[in-house]
Amino acid sequence: MWSLEKIWRIQFTENKNKQQNMLTETSVYSAIWNLDAESRSLLLANYKLGELYQIVSSQKDLAKCLEDYASNAILYINAMKAITQLRAEAMKESYVNRQENAVSTMETVYDGLPDSHKKDFCRRMVERNDFFQEAYKEIMGKFHSALRGQEEKVCSK
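Residues numbered from 1 in each chain as written. Predicted model: local features only at pLDDT ≥ 70, side-chain atom pairs only at ≥ 80, totals over all residues. Heavy atoms only, no water.

Caption draft 1: Fine view of the overall build of the protein. In terms of regular secondary structure, the protein is built from seven helices and zero strands. Element order for the protein, N to C, with α for helix and β for strand: α-α-α-α-α-α-α. For the protein, the proportion of its 157 residues judged to be buried stands at 7%. Pairs at least 24 apart in sequence give 32% of the contacts found in the protein among residues at least 6 apart. (Helix = DSSP H or I, 4+ residues; strand = E, 2+ residues; numbered from the N terminus. Buried < 20%, exposed > 50% of the residue type's maximum accessible area, 1.4 Å probe, protein only. Contact = heavy atoms within 4.5 Å.)

See the structure below:
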């Protein structure tokens with residue numbers, strides 16, 4: 001007994017085989033000119049007509065080609081991610097180095113000042129309330145992180 005599903009499968013398979021057999025190099029060549037200019041240029045620059053026909057006429061070759069492109073895309077995406085992370089880390093390092101250099105330069109300049117200028121410098125710094133608030137927060141943050149580090153060492157023993 002033939003079921004409707006079985007008939008449909010047979011018909012679908014026959015149509016699929018006919019469609020695959022109907023694909024010719026001429027139809028592939030004609031179809032290329034129906035693509036947008038960018039896609040057409042990309043295909044013609046990287047493939048010969050025979051290669052394009054082989055790829056699109058075989059489900060196996062088409063699947064392999066698309067899988068290869070997907071693998072390469074993942075590789076390139078991961079490379080982009082790695083390069084972006086490297087740049088971000090390099091920028092952090094550069095910023096830290098600039099801060100350290102700025103502090104050591106300030107120490108050198110301050111040490112070279114005459115006493116009267118040192119007093120004037122200190123007076124100006126005291127007048128800058130926001131400077132001391134930020135410095136206080138920074139120092140307290142260091143103390144708290146040091147305390148947490150000591151607590152972790154004691155708790156882990």
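Caption draft 2: Structural detail: a nonpolar patch on the surface. Judged by side-chain polarity, Tyr29, Trp33 and Leu44 come together as a nonpolar surface patch covering roughly 330 Å² of accessible area. Tracing the chain through its elements places Tyr29 in helix α2 (residues 25–32). (Patch = residues over 30% accessible without salt bridge, like charges linked within 9 Å, V, L, I, M, F, W, Y side chains within 5 Å. Areas by Shrake-Rupley, 256 points an atom, 1.4 Å probe, with all protein chains shown as cover. Salt bridge = Lys/Arg side-chain N within 4 Å of Asp/Glu carboxyl O.)

Caption draft 3: Geometry of the packing of α2 against helix α4 (residues 49–57). One can describe the packing of α2 onto α4 by two numbers: an axis separation of 9 Å at closest approach and a directional angle of 105 degrees. Taken together, the axes of α2 and α4 are roughly perpendicular relative to one another. Mapping the contact onto sequence places Glu25, Val28, Tyr29 and Ile32 in α2 and Leu49, Gly50, Leu52, Tyr53 and Val56 in α4. For the contact of α2 with α4, the residue count by class is seven nonpolar, one polar and one charged. (Axes fitted to C-alpha atoms, helices over the stretch in contact; angles between N-to-C directions. Parallel < 35°, antiparallel > 145°, perpendicular 65-115°, else oblique. Nonpolar A, V, L, I, M, F, W, Y, C, P; charged D, E, K, R; others polar.)

Caption draft 4: Fine view of the pattern of salt bridges. The final tally for this structure, using the stated rule, is three salt bridges. With a closest N to O distance of 3.0 Å, Asp68 and Lys64 form a salt bridge. Note that Asp68 and Lys64 are positioned in helix α5 (residues 59–112) at a spacing of four residues, about one turn of the helix. A salt bridge links Glu138 to Lys142; its shortest N-O distance comes to 3.8 Å. With Glu138 and Lys142 both in helix α7 (residues 129–156), this residue pair falls four residues apart, about one helical turn.

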